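Coordinates in review
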Amino acid sequence: MTVHAAEPSTGRPVTVTVPARGDQVRWEPASAVVFHGQHQEQACCESAAAEVRCGHISFFADSAAAQAWSQAHPQVAGRLLAQRQAWEMGVDIFGPLMRLQPEIGQ
């Protein structure tokens, strides 16, 4: 499985690849991070299931870009997630779709 994303302010690509077999999730660039938060007005009034589970999730090529974006968008409260934290959150939110899967027939 591959997740393709782009930084919200620059459009720089971020790719997360989960091999069908193997033990490493590959992040490109290697310095990529995820910002997870929610708009201030969403904090008390969640309605759609996607909003409740996902909030605001953005991928960034590095933590400096994520911090700059966060400072420019104070209406979005949240935090930076390291790759492992982001991966664990993805598994929690999206369940089996995000887990490493053995090849069919194994």
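For the structure given in this document, a descriptive report is provided here. (Residues numbered from 1 in each chain as written. Predicted model: local features only at pLDDT ≥ 70, side-chain atom pairs only at ≥ 80, totals over all residues. Heavy atoms only, no water.)

Overview of the packing of aromatic side chains
The full count for this structure, using the stated rule, is 3 aromatic pairs. Ring geometry for Phe-60 versus Trp-69: centroids 5.9 Å apart, planes at 50°, classification tilted. Taking the relative accessible area as the measure of exposure, Trp-69 reaches 6% and is therefore buried. A network of ring pairs unites the aromatic residues Phe-35, Phe-60 and Trp-69 as a single cluster. (Phe/Tyr/Trp six-rings, centres within 6.5 Å; stacked < 30°, edge-to-face > 60°. Buried < 20%, exposed > 50% of the residue type's maximum accessible area, 1.4 Å probe, protein only.)

Focus on the sheet that holds strand β2 (residues 13-17)
Pairing within the open sheet is antiparallel, and its 3 strands lie in the order β1-β2-β3. On the outer flanks of this sheet lie β1 (2-6) and β3 (26-28), each paired with one strand and no other. Direction aside, neighbouring strands of the sheet carry axes that sit 10° apart on average. Bridge count between β1 and β2: 5 bridges; the pairing is antiparallel. Across the sheet, the residue bridging to Val-3 is Val-16, located in β2. (Pairing = 2+ DSSP bridges. Helix = DSSP H or I, 4+ residues; strand = E, 2+ residues; numbered from the N terminus. Axes fitted to C-alpha atoms, helices over the stretch in contact; angles between N-to-C directions.)

Quick look at the pattern of salt bridges
Enumeration according to the criterion identifies 4 salt bridges in this entry. A salt bridge links Arg-12 to Asp-62; its shortest N-O distance comes to 3.9 Å. Linking Arg-12 in the loop between β1 and β2 with Asp-62 in the loop between β5 (56-60) and α2 (63-72), this pair joins segments that are 50 residues apart in sequence. With a closest N to O distance of 3.1 Å, Glu-88 and Arg-84 form a salt bridge. With Glu-88 and Arg-84 both in helix α3 (residues 83-94) and 4 residues apart, the pair spans about one turn of that helix. Connected through shared salt-bridge partners, Glu-7, Arg-12 and Asp-62 make up one network. (Salt bridge = Lys/Arg side-chain N within 4 Å of Asp/Glu carboxyl O.)

Examining the environment of Asp-62
Judged by relative accessible area, which is 23%, Asp-62 ranks as partly exposed. Put simply, Asp-62 and Ala-30 are 32 residues apart on the chain and 8.5 Å apart in space, counted from C-alpha to C-alpha. Those residues in contact with Asp-62, other than ones at most four positions away along the chain, are Glu-7, Arg-12, Ser-31, Ala-32 and Val-33. A distance of 2.8 Å separates a polar atom in the side chain of Asp-62 from the backbone nitrogen of Ala-65. (Contact = heavy atoms within 4.5 Å. Polar contact = N/O pair within 3.5 Å; in protein donor to acceptor, adjacent residues only side chain to side chain.)

Read these as geometric descriptors, not functional statements.
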